[in-house]
Amino acid sequence: MDPYSPLPGPAPQRPAPTRNGGVGGGAIAAIAGGAAALFLVLLVPVSFAAVHLGEQFAVVAGGQVDDSAASASELVDRLQSGETRYTFPAALENYGDGRYSGLCPAEYAEGCWQSAVFTESDCATVSVVLGFSNDPDGYAPEQTTTIELHDVVPYEATPVVFGNDGFEYGWVADVLCPLTES
């Protein structure tokens, strides 16, 4: 007997090949589409958060954000006529952007407050009452001064630039249209 001859008996049987129930093309496309959608759902908020964080970092670091509209709105505080409760109806804008710096008299070493009033109607001479205080929580001024404005056009900005080195806080306390006696 040949040592390498097959063993007597029936031939060895191999198991019948089974068909592998793999994933079809449609399922693969659905999985890929779902993964892409999930990626986009996560990418968009993360992108917005990264941009917002970058803008906040630029502000904290003293940089200037390119969005000039947002920057300008942060430097202008506007109160509508109904919010000011002035005697003579007028809106008020307070500026922190230095737009009226050239109108500040040199006598004020600490600089000037810069505002503008927007009257709702004509008045020959508008009287603006200015309030001053050193109390950050005080609503009543410690001192008042009245200035007169001429050539005021309704609904147009009329600059109100004022200073007082003796006080930390200054504001437009009231706007009046005094009656002239004939």
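Criteria and thresholds
- Residues numbered from 1 in each chain as written.
- Predicted model: local features only at pLDDT ≥ 70, side-chain atom pairs only at ≥ 80, totals over all residues.
- Heavy atoms only, no water.
- Helix = DSSP H or I, 4+ residues; strand = E, 2+ residues; numbered from the N terminus.
- Buried < 20%, exposed > 50% of the residue type's maximum accessible area, 1.4 Å probe, protein only.
- Contact = heavy atoms within 4.5 Å.
- Areas by Shrake-Rupley, 256 points an atom, 1.4 Å probe, with all protein chains shown as cover.
- Core = buried A, V, L, I, M, F, W, Y, C linked by side-chain atoms within 4.5 Å.
- pLDDT = per-residue confidence, 0-100.
- Salt bridge = Lys/Arg side-chain N within 4 Å of Asp/Glu carboxyl O.

Help me out: how do you make sense of the overall build of the chain in this one?
A count of helical and extended segments in the chain gives 3 helices and 7 strands. Sorting the 182 residues of the chain into buried and exposed places 22% on the buried side. A separation of at least 24 residues holds for 61% of the contacts in the chain among residues at least 6 apart in sequence. As displayed, the chain offers around 13200 Å² of accessible surface, 58% of which is attributable to carbon and sulfur atoms.

Help me understand the nonpolar core, please; the structure alone is not making it clear to me.
Grouped burial of nonpolar side chains is what soluble globular proteins tend to show. One finds Val126, Val128, Leu130, Leu149, Val160, Val172 and Val175 to be the most contacted residues of the largest nonpolar core, which totals 17 residues. Those elements that place two or more of their residues in this core are strand S2 (90-95), strand S4 (125-133), strand S6 (158-162) and strand S7 (169-176). Broken down by element, the residue count for this core peaks at 4 residues, all from S4. Ignoring sequence-local partners within four residues, the contact set of Leu149 consists of Val117, Ala124, Thr125, Val126, Val128, Thr158, Pro159 and Val160.

What is the right way to read the confidence of the model for the chain from this model?
The predicted coordinates ought not to be read in detail in places where the model reports low pLDDT. In the predicted model, the chain carries a mean pLDDT of 79, and 66% of its residues have values of at least 70. Low pLDDT, under 50, characterises residues 57-68; the stretch is placed with 5 contacts to residues that sit more than four places away or in other chains.

Which parts of the structure should I look at to understand the pattern of salt bridges?
Two side chains that carry opposite charge are able to pair once their charged atoms sit near each other. Across all of its chains, the model carries 2 salt bridges by this definition. Measuring nitrogen to oxygen at the nearest pair gives 2.9 Å for the salt bridge that ties Glu93 to Arg78. Separated by 15 residues along the polypeptide, Glu93 in strand S2 and Arg78 in strand S1 (residues 76-79) bring together distant segments of the chain. Residue Glu93 is classed as buried on the basis of its relative accessible area, which comes to 14%. Overall, the relative accessible area of 33% leaves Arg78 in the partly exposed class. Of the charged contacts, one joins Asp97 and Arg99 as a salt bridge, the two residues approaching to 2.6 Å between their closest N and O atoms.

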